[in-house]
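# Topology and contacts: notes
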Amino acid sequence: MAQLLFFGRFTDVSTDTALAVPDSITNTQELTDWLSETLDGFRAEWLRPGARMAVNKELVIESAPVSVTDDDEIAFMSALSGG
Amino acid sequence: MTPVIEISDQPFDPETRLADFRRQLTHSGGLVSFTGIVRGEDGVDALELSHFEGFTQAQIEAITRKAQMRWPLEGILIIHRVGKMITNEPIVLVAAASKHRREAFEAADFLMDYLKSEAPFWKQEYSGENQTWIEPRERDDHDKKRWET
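Residues numbered from 1 in each chain as written. Chains lettered and ligands numbered in written order. Predicted model: local features only at pLDDT ≥ 70, side-chain atom pairs only at ≥ 80, totals over all residues. Heavy atoms only, no water.

### Let's talk about the overall build of chain B
Stated formally: Strands are runs of DSSP state E lasting at least two residues, helices are runs of H or I lasting at least four, and both sets are numbered from the N terminus onward. Only C-alpha atoms enter the radius of gyration; for comparison, a globular chain is expected to reach 2.2 Å times N to the power 0.38, where N is the number of residues. For every residue, the accessible area (1.4 Å probe, protein chains only) is compared with the maximum for its type, and the residue is labelled buried under 20%, exposed over 50%, or partly exposed between those bounds. In what follows, residue pairs with any heavy atoms lying within 4.5 Å of each other are defined as contacts. Reported accessibility uses the Shrake-Rupley method at a 1.4 Å probe radius. Residues are deemed covered only where the shown protein chains occlude them. Residues counted as positive are Lys and Arg, residues counted as negative are Asp and Glu, and His and the chain ends are not counted. By convention, the charge on Lys lies at NZ, on Arg at CZ, on Asp at CG and on Glu at CD.
When helices and strands are counted, chain B shows 4 helices and 8 strands. Start at the N end of chain B and walk to the C end: the helices and strands fall as β-α-β-β-α-β-β-β-α-β-β-α. Taking 15 Å as the expected radius of gyration for a compact globule of 149 residues, we find that chain B reaches 16 Å, a close match to that expectation. With the principal axes as the frame, chain B shows a C-alpha extent of 50 × 35 × 30 Å. Here chain B holds 149 residues, and 44% of them are scored as buried. Pairs at least 24 residues apart make up 78% of the contacts formed inside chain B by residues separated by at least 6 positions. Here chain B displays about 8,000 Å² of accessible surface, and carbon together with sulfur accounts for 47% of that area. Here chain B contributes 19 positive and 26 negative side-chain charges, whose respective centroids are spaced 7 Å apart.

### What to know about the sheet that holds strand β8 (residues 130–133) of chain B
All names here are of chain B. The test is simple: At least two DSSP bridges between two strands are required for those strands to pair. Note on geometry: axes are lines fitted to C-alpha atoms, helical ones only across the stretch in contact, with angles between N-to-C directions running from 0 to 180 degrees.
Read from one edge to the other, the open sheet built from 4 strands follows the order β5-β3-β7-β8, with strand pairing classed as antiparallel. Of all strands in the sheet, those bounded by a partner on one side alone are β5 (83–85) and β8. With direction set aside, neighbouring strand axes in the sheet form an average angle of 25°. Bridge analysis of strand β3 (residues 46–51) against β5 gives 3 bridges, and the strand direction is antiparallel.

### A short note on the interface of chain A and chain B
One frequent convention defines the size of an interface as the accessible area lost when the parts assemble. Selection rule: Throughout, the accessible surface (probe 1.4 Å) given up by two parts as they are put together, summed over both, is called the buried area. Any carboxyl oxygen of Asp or Glu within 4 Å of a side-chain nitrogen of Lys or Arg constitutes a salt bridge here. Pairs of N or O atoms are called polar contacts if they sit within 3.5 Å, as long as, within protein, a hydrogen donor faces a hydrogen acceptor (for residues adjacent in sequence, only side-chain-to-side-chain pairs).
Between chain A and chain B, the contact holds 19 residues from the first and 19 residues from the second. Summed over both sides, the interface between chain A and chain B buries roughly 1,700 Å², with carbon and sulfur atoms accounting for 62% of that surface. Where chain A packs against chain B, one counts 1 salt bridge. Between E135(B) and R9(A) there is a salt bridge, and its shortest N-O distance comes to 2.4 Å. Inspection of the chain A/chain B interface yields 8 residue pairs in polar contact (both at pLDDT 80 or more).

### A closer look at the sheet that holds strand β4 (residues 73–77) of chain A
Residues and elements named next belong to chain A. Spatially, β1-β4-β2-β3 is the arrangement adopted by the 4 strands of the open sheet, whose pairing is mixed. With partners counted over all chains shown, the strands left at the sheet margins are β1 (3–7) and β3 (58–59), one partner each. Alignment of strand β2 (residues 52–55) against β4, held across 4 bridges, turns out to be antiparallel. Each bridged residue has a counterpart across the sheet, and for R52 the counterpart in β4 is M77. Sitting on the sheet, helix α2 (residues 28–38) is in contact with β1, β2 and β4, with an inclination near 60° to β4.

### Observations concerning the side chain of S81(A)
Relative to the helices and strands, S81(A) is located in the segment after β4. By relative accessible area, S81(A) is classed as buried at 5%. Looking at S81(A), its side chain comes within polar contact range of the main-chain nitrogen of K123(B), at 2.9 Å. A distance of 2.8 Å separates the side chain of S81(A) from the backbone oxygen of I134(B), its partner in a polar contact.

### Description of unusual backbone geometry
If you check the backbone angles, N56(A) has positive phi at about 50° while not being a glycine. Mapped onto the fold, N56(A) is located in the loop between β2 and β3. For N56(A), a relative accessible area of 38% translates into the label partly exposed. A positive phi angle, near 85°, is found at N88(B), a position not held by glycine. Summarising the element assignment, N88(B) is placed in the loop between β5 and β6 (90–98).

### Digging into the nonpolar core
Defined as follows: We call a set of buried residues a nonpolar core when its members are Ala, Val, Leu, Ile, Met, Phe, Trp, Tyr or Cys and they connect through side-chain atoms within 4.5 Å of each other.
With 29 residues, the main nonpolar core has L111(B) and L115(B) as its most contacted residues. Of all elements in the fold, only β3, α2 (55–70), β4 (73–81), β6 and α3 (101–118) of chain B reach the threshold of two or more residues within this core. The element contributing the most residues to this core is α3(B), with 8 residues. Setting aside anything within four residues of it in sequence, one finds L115(B) in contact with G82(A), G83(A), I60(B), I63(B), I78(B), V92(B) and V94(B). The next biggest cluster of nonpolar side chains, apart from the first, holds 19 residues, and it includes L19(A), W34(A), F42(A) and M53(A).

Structure representation (structure tokens):
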């Protein structure tokens, strides 16, 4: 099962790293759609400027969906506050 | 010298760490450092920084590589706190050492501007029972853009 991580404002939505991602989800677009339906407040945070996603610590910057598997670590980050 | 990058939830003494770093330099003529501390603000009791372990370190390493490509630096030191901090506690120490002062000044300035805008940290202010996320500031983005020309 893919592991989900939440940072910044996303921790107000969820901190559950054991969230059970359905097997039917195969890419990042399907994942964000599913999270938007599953977690209250996720969609609003995802649409905020500066929100970003990383798969296995690589930022997803392509507009096309990136495939995800059970072994992946997927992180959702709100806009960076900076150091 | 490989850049020294530390992210820690433990308090650190900037003066001691800077002196340790300076003693390792062998051919620098300039060492410039910046210490960021928690600013006292009315009604704010504490600041809490969080990071993404592994990812944040990698992003900071990428920032140091950019600095090394621009200036001939003998050494870079970056120590960054995470966790809860109170007024006057050091948050970050950045130091750059080079043969000549101009490169060291510019590199330290560059490193701080990029840390402020590209390093994956998230901050919350604590005021009594309330916690507030600190949003990115336009000023920080503007400062970083100075290096893009």
